[in-house]
Amino acid sequence: MESQRRHGGLQQGRVYAKTLKDRHMKTAHDLVLDAKKSIVEIPIQDADQAIFEADVLLDVREADEFAAGHLSGAVWIPRGLLEFKLSGTPSLASRGLNIVLYCKTSGRAALAAQTLQSMGYLNVRSIAGGFDAWLAAGKQVVKPEQTSFE
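Residues numbered from 1 in each chain as written. Predicted model: local features only at pLDDT ≥ 70, side-chain atom pairs only at ≥ 80, totals over all residues. Heavy atoms only, no water.

**Observations concerning the pattern of salt bridges**
Which entries qualify depends on this criterion: Definition used for salt bridges: Asp or Glu carboxyl oxygen within 4 Å of a side-chain nitrogen of Lys or Arg. Put simply, DSSP H or I for four residues or longer makes a helix, DSSP E for two residues or longer makes a strand, and each gets a number counted from the N terminus. Working definition: with a 1.4 Å probe on protein chains only, accessible area under 20% of the residue-type maximum means buried, over 50% means exposed, and in between means partly exposed.
Inspection of the entire model under this criterion finds 7 salt bridges. Notably, a salt bridge pairs K104 with D132, separated by 3.0 Å at the nearest N-O pair. Pair noted here: K104 is in the loop between β4 (98–102) and α6 (107–118) and D132 is in helix α7 (residues 130–136), with a separation of 28 residues, a long-range link. For D132, a relative accessible area of 29% puts it in the partly exposed group.

**Some details on the nonpolar core**
The condition is simple: To form a nonpolar core, buried Ala, Val, Leu, Ile, Met, Phe, Trp, Tyr and Cys residues must be joined to one another through side-chain atoms within 4.5 Å. Residue contacts follow a heavy-atom distance rule, with two residues in contact if any of their heavy atoms lie within 4.5 Å.
Within the largest apolar cluster, 22 residues are counted, with the highest numbers of intra-cluster contacts made by L58, V60, L82, L86, I99, L101 and L116. Mapped onto this core, the elements with two or more residues apiece are α2 (28–38), β2 (56–59), α5 (82–88), β4 and α6. The residues contacting L116, other than those within four sequence positions of it, are L82, L86, I99, L101, Y121 and V124. Of all hydrophobic cores here, the second largest spans 15 residues; its members include I42, A54, V100 and Y102.

**Description of the side chain of D59**
What counts is decided by this rule: Each polar contact in these results corresponds to two N or O atoms within 3.5 Å; when the atoms are within protein, one needs to be able to donate a hydrogen and the other to accept it, and residues that are neighboring in sequence are counted only if both atoms are side-chain atoms.
Topologically, D59 is positioned in strand β2. When its relative accessible area of 0% is taken as the criterion, D59 is described as buried. A distance of 2.6 Å separates polar atoms of two side chains, one belonging to D59 and the other to Y102. Once residues lying within four places of it in the same chain are set aside, the contact partners of D59 are F66, H70, A74, V75, W76, I77, P78 and Y102.

**Quick word on the sheet that holds strand β1 (residues 40–42)**
Cut-off, in case you're wondering: DSSP bridges decide pairing: two strands pair if at least two such bridges lie between them. Here an axis means a line fitted to C-alpha atoms, over the contact stretch when the element is a helix, while the angle between two N-to-C directions is reported on a 0 to 180 degree scale.
Strand order in the open sheet formed by 5 strands is β1-β5-β4-β2-β3, with parallel pairing between adjacent strands. What marks the edges here is a single partner per strand, and that holds for β1 and β3 (75–76). For β2 and β3, the ladder comprises 2 bridges, and the chain directions are parallel. Directly across from L58, in β3, lies its bridge partner V75. α6 contacts β4 and β5 (123–127) of the sheet and is inclined by roughly 150 degrees relative to β4.

Printed below as a string of structure tokens:
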């Protein structure tokens, strides 16, 4: 009996593993492509106007990326904390906010925009090409001064 349980469990494990292998496993790139189908991306040439009209500009990159340079007026909320920060910040809780997001190349921002939409935010857009496209277009960025103790 014990032997059957062990071997039966092993057999079930093999079937489960084979089933997983047969499924299409999505990559991060697949998830970004799927997200971009359901969000609005702003072409870089329209980004200045969109930012001007926005209630909030969110930079969803990591801390070191933000510190190295960011768009003027951007609020830094890393993608990994986005849902928690928005839920816990009363000034960002209104689902009617006009939100513009960006990251380095637009992948994380697309995923973040999709998440915000699923949270009920109605006016969420992402900058196509992200921070890299902004720089390539010759637009200005804020680079914080490094403190010197000399």
